[in-house]
Amino acid sequence: MKLDNNTILGLAEHLETAELQAHDVTMITADHPDMDWDDAYAIQDEIRRRKEARGNKTVGLKAGLTSFAKMKQMGVETPVFGFVSDYMSIPDGGEVKTAELIHPKVEAEICIVTKAPLKGPGCHIAAVMAATDFVVPAVEIIDSRYRDFKFDLKSVIADNTSASRFVIGGRMRDLSELDLRTLGVVLEVNGEVMTMAAGAAVLGNPLAAVAMLANHLGARGQEIPAGTFIMTGGVTEAILVKAGDNVTVRFQDLGSVSMRFV
Ligand code: 0L1
Ligand code: MG
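About the cut-offs
- Residues numbered from 1 in each chain as written.
- Chains lettered and ligands numbered in written order.
- Predicted model: local features only at pLDDT ≥ 70, side-chain atom pairs only at ≥ 80, totals over all residues.
- Heavy atoms only, no water.
- Phe/Tyr/Trp six-rings, centres within 6.5 Å; stacked < 30°, edge-to-face > 60°.
- Lys NZ or Arg CZ within 6 Å of the ring centre and 35° of its normal.
- Near = heavy atom within 4 Å.
- Polar contact = N/O pair within 3.5 Å; in protein donor to acceptor, adjacent residues only side chain to side chain.
- Areas by Shrake-Rupley, 256 points an atom, 1.4 Å probe, with all protein chains shown as cover.
- Helix = DSSP H or I, 4+ residues; strand = E, 2+ residues; numbered from the N terminus.
- Salt bridge = Lys/Arg side-chain N within 4 Å of Asp/Glu carboxyl O.
- Buried < 20%, exposed > 50% of the residue type's maximum accessible area, 1.4 Å probe, protein only.
- Contact = heavy atoms within 4.5 Å.
- Donors = N, O, S within 2.8 Å, 3.2 Å for Na, K, Ca; no water.
- Core = buried A, V, L, I, M, F, W, Y, C linked by side-chain atoms within 4.5 Å.

### Notes on the packing of aromatic side chains
Part 1 of the argument: Enumeration according to the criterion identifies two aromatic pairs in this entry.
Part 2 of the argument: Over the ring of Phe-83 we find Arg-48; its NZ or CZ atom is 5.7 Å from the centre of that ring.
Part 3 of the argument: The ring of Trp-37 has Lys-154 lying over it, and the distance from NZ or CZ to the ring centre is 5.0 Å.

Here it is as structure tokens:
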């Protein structure tokens, strides 16, 4: 680690305040160019600790930047990992208040819930298959706290991978009934198709993102507990939205997920 504890605490407060007050900030590595990966995750961990200390429950884990489309869109090459909190959850068909956000974008995600713990190193897709309870569709609303979504990977990890809101669909399916690689996803805004993709866009198979998450946590002495909701990352590029927009994402075999931005 390159940053001292006070700096980590200060940067966590800085980024979380930007999130909660919906104002943007500049990339933190501009002022802390020596910051390393452990510092970045330590800042994210402190943001999680702050939320939990205020009574917010951590209700899921997320992988981000796992699809080729998203990596290309953001100009990066490595996935990142974060968490989602209870207050970020919006019901299917519900309203997302844009006044609480900076510059929201939507992305379609194939998600799972685990029924057994997953621990790296050495976690692979078959282990994830064995530990998957069910598959469920979701839309993530990301909202980087960085001005114009301009960041590098360490800055975005510290900013809890732009986590902001999410909407889980109402239909769960058994993994054995699905082929996640060929599962098609169509994202519509105001009835117009904006983008589409298949599950294989996420690292060849969205379950590979879960294995990467387990290996990432394993390297830090942690595991994915049974019963964890995991978002595997946007299958398409993220689409900018604004107040007045109606978003519907149609997932083959998994139903649709929708929300209205107000
Ligand atoms: O969930 C995601 O893919 C977000 C990762 C962070 C980068 C971004 O804000 O696009
Ligand atoms: Mg995402």
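### Some details on the site of ligand 1
Part 1 of the argument: Taken together, 13 residues surround ligand 1, and among them Lys-62, Lys-70, Glu-107, Glu-140 and Ser-162 come closest.
Part 2 of the argument: A distance of 2.8 Å separates an oxygen atom of ligand 1 from a polar side-chain atom of Lys-70.
Part 3 of the argument: A distance of 2.9 Å separates an oxygen atom of ligand 1 from a polar side-chain atom of Glu-140.
Part 4 of the argument: Within the complex, the protein chains bury 100% of what would otherwise be the 300 Å² of accessible surface of ligand 1.
Part 5 of the argument: For the shell around ligand 1, the secondary-structure elements that each account for two or more residues are β1 (58-64), α3 (68-74) and β6 (132-142).

### Focus on the pattern of salt bridges
Part 1 of the argument: Here the structure, examined in full by the defined rule, presents 17 salt bridges.
Part 2 of the argument: Here Asp-245 ties to Lys-242 by a salt bridge, and the two come within 3.1 Å at their closest N and O atoms.
Part 3 of the argument: The exposure class of Asp-245 is buried, given its relative accessible area of 4%.
Part 4 of the argument: For Lys-242, a relative accessible area of 53% puts it in the exposed group.
Part 5 of the argument: A single network of salt bridges, built from pairs that share partners, joins Glu-16, Glu-19, Arg-50, Lys-51 and Arg-54.

### Brief notes about the environment of Leu-180
Part 1 of the argument: In this structure, Leu-180 sits in the loop between β7 (163-168) and β8 (184-189).
Part 2 of the argument: Judged by relative accessible area, Leu-180 falls into the buried class, the value being 4%.
Part 3 of the argument: A sequence separation of 164 residues divides Leu-180 from Glu-16, and the C-alpha atoms of the two residues are 34 Å apart.
Part 4 of the argument: Residues within four places of Leu-180 in sequence aside, it is in contact with Ile-110, Val-135, Leu-175, Gly-199, Ala-200, Asn-205, Pro-206 and Leu-207.

### Observations concerning unusual backbone geometry
Part 1 of the argument: Gly-120 connects to Pro-121 through a cis peptide bond whose omega is 5°.
Part 2 of the argument: Secondary-structure assignment places Pro-121 in the loop between β5 (105-114) and α4 (125-131).
Part 3 of the argument: You will see that Asn-190, though not glycine, has its phi angle at about 55°, which is positive.
Part 4 of the argument: As for its placement among the helices and strands, Asn-190 is situated in the loop between β8 and β9 (192-198).
Part 5 of the argument: By relative accessible area, Asn-190 is classed as partly exposed at 45%.

### Overview of the coordination of the magnesium ion (ligand 2)
Ideal coordination angles are 109.5 degrees for a metal with four donors arranged tetrahedrally and 90 or 180 degrees for a metal with six donors arranged octahedrally.
Part 1 of the argument: The magnesium ion (ligand 2) binds to the protein through Glu-107 (OE), Glu-109 (OE) and Glu-140 (OE), with metal-donor distances spanning 1.9 to 2.0 Å.
Part 2 of the argument: In the primary structure, the donors to the magnesium ion (ligand 2) are separated according to the pattern E-x1-E-x30-E. When sorted by exposure, Glu-107 lands in the same class as Glu-109, which is buried.

### Things to note about the nonpolar core
Part 1 of the argument: Counting residues in hydrophobic clusters, the biggest one holds 73 residues, and the most contacted among them are Ile-43, Val-106, Ile-224, Phe-251 and Met-259.
Part 2 of the argument: When residues in this core are grouped by element, the largest group, seven residues, is from helix α6 (residues 206-218).
Part 3 of the argument: Beyond its immediate stretch of four places on either side in the chain, Ile-43 contacts Leu-3, Ile-8, Leu-11, Ala-12, Leu-15, Ile-28, Met-35 and Ala-158.
Part 4 of the argument: If you look at the next biggest cluster of nonpolar residues, it comprises 11 residues, including Met-88, Ala-163, Phe-166 and Met-231.

### A word on the environment of Glu-107
Part 1 of the argument: Here Glu-107 is to be found in strand β5.
Part 2 of the argument: Judged by its relative accessible area of 2%, Glu-107 is buried.
Part 3 of the argument: Along the sequence, Glu-107 and Leu-15 sit 92 residues apart, while their C-alpha atoms lie 22 Å from each other.
Part 4 of the argument: Looking at Glu-107, its side chain comes within polar contact range of the side chain of Lys-70, at 2.8 Å.

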